[in-house]
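Single-letter residue listing:
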Amino acid sequence: PSPVLASAGVYAVMVASPRFPLDTFTVSFYAHTGAFALTSAQMLVRFNASALEYRAATKSPVYASPVAVESDGGAVSVQVLDVDATASTEDVTGTDVPLLGLTFRVRAAADTMATYANAVSVTVVSMLNQGSIEYVADEPGVV
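Summary of the structure given here. The model shown is predicted, which means the values in this text are computed figures rather than measured ones.

Further remarks concern the pairing of strand E8 (residues 120–129). Side chains on a regular strand alternate between the two faces of the sheet. Of the pairings in the sheet, the one linking strand E3 (residues 38–47) to E8 comprises nine bridges and is antiparallel in character. Bridging across to E8, phenylalanine 47 finds its partner in valine 120. Direction of pairing for E8 relative to strand E9 (residues 134–140): antiparallel, over a ladder of five bridges. Within E9, the position partnered with threonine 123 by the bridge is proline 140. The hairpin formed by E8 and E9 contains four residues between the paired strands, and serine 132 there has a positive phi angle of roughly 60°.

Counting residues in each nonpolar core, the largest one holds 35 residues, and the members touching the most others are Phe29, Leu52, Leu99 and Phe104. Looking at this core, the elements that each hand over two or more residues are strand E1 (9–13), strand E2 (24–32), E3, strand E4 (52–59), strand E6 (75–80), strand E7 (97–106) and E8. Top element by residues in this core is E7. It accounts for six residues. Excluding residues within four positions of it along the chain, leucine 52 makes contact with Phe25, Phe47, Phe104, Arg105, Val106, Arg107, Ala119 and Val120.

Considering all chains together, one arrives at four salt bridges under this definition. Linking arginine 55 and glutamate 53 is a salt bridge whose minimum nitrogen-to-oxygen distance equals 2.9 Å. Between lysine 59 and aspartate 84 there is a salt bridge whose closest N-O contact spans 3.2 Å. Remark: aspartate 84 occurs in the loop between E6 and E7 and lysine 59 occurs in strand E4; sequence separation between them is 25 residues. For lysine 59, a relative accessible area of 40% translates into the label partly exposed. Judged by its relative accessible area of 17%, aspartate 84 is buried. One connected set of salt bridges, linked through shared partners, spans Glu53, Arg55, Arg105 and Arg107.

Turning next to the side chain of glutamate 53. Relative to the helices and strands, glutamate 53 resides in strand E4. Looking at glutamate 53, its side chain comes within polar contact range of the side chain of arginine 55, at 2.9 Å. For glutamate 53, the side chain forms a polar contact with the side chain of arginine 107, separated by 3.2 Å. If sequence neighbours within four positions are ignored, glutamate 53 has contacts with Phe47, Thr103, Phe104, Arg105 and Arg107.

The subject of this paragraph is the sheet that holds E4. Backbone-to-backbone hydrogen bonds join strands into a sheet, with any given pair of strands oriented parallel or antiparallel. Taken together, the four strands give an open sheet; going across it, the order is E1-E2-E7-E4, and neighbouring strands pair in antiparallel fashion. Of all strands in the sheet, those bounded by a partner on one side alone are E1 and E4. Direction aside, the axes of adjacent strands within the sheet are offset by 25° on average. As paired strands, E2 and E7 are joined by eight bridges and run antiparallel to one another. Residue pairing across strands places serine 28 opposite glycine 101, the latter belonging to E7.

Conventions used here
- Residues numbered from 1 in each chain as written.
- Predicted model: local features only at pLDDT ≥ 70, side-chain atom pairs only at ≥ 80, totals over all residues.
- Heavy atoms only, no water.
- Pairing = 2+ DSSP bridges.
- Helix = DSSP H or I, 4+ residues; strand = E, 2+ residues; numbered from the N terminus.
- Core = buried A, V, L, I, M, F, W, Y, C linked by side-chain atoms within 4.5 Å.
- Buried < 20%, exposed > 50% of the residue type's maximum accessible area, 1.4 Å probe, protein only.
- Contact = heavy atoms within 4.5 Å.
- Salt bridge = Lys/Arg side-chain N within 4 Å of Asp/Glu carboxyl O.
- Polar contact = N/O pair within 3.5 Å; in protein donor to acceptor, adjacent residues only side chain to side chain.
- Axes fitted to C-alpha atoms, helices over the stretch in contact; angles between N-to-C directions.

By themselves these figures say nothing about function.
Okay, structure coming up:
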C-alpha cells in the first residue's frame, strides 16, 4: 500500500470490486506512526451490519495477535498490544506499518443491487509510543 496519511493515524485498504452475498474479504489496517515507534493501538471499526458480518482478526507480521471483540450493532473493538518478538523498532515506525486484518462476509440477505458506501469505517481510540505515551486519540481513520 502507499501512504495515504500526512500524519500519525490509521488507514485501511479493502477491495473496491463488487462483493456478493456470502463472499468473504479482508480489510487490512495500517498505521502512519509519525515520528514514533508504535507499541500499541486501540481502534473501533464500525461496519454496516445489515450487509456484513464480522468473521475474524488476523495478525500482522510485526505485532502480537490482536484482541478483537465484536459488539452488537456492527462494531469491533480491536487492540494491538505488543510488538512481535521478531520485530525491530524500524518495523513499527513509518507511514505504512501493518497492524492487522479483519475478515468480513457479505450477508446472504444483502441487497445485490445496492451500493454500500462507507460499509466499513475506523476510529483510532489510542496510539501509544515506545514510552507508553498516547500521541493519537479519538481520531477518525481513512478507509
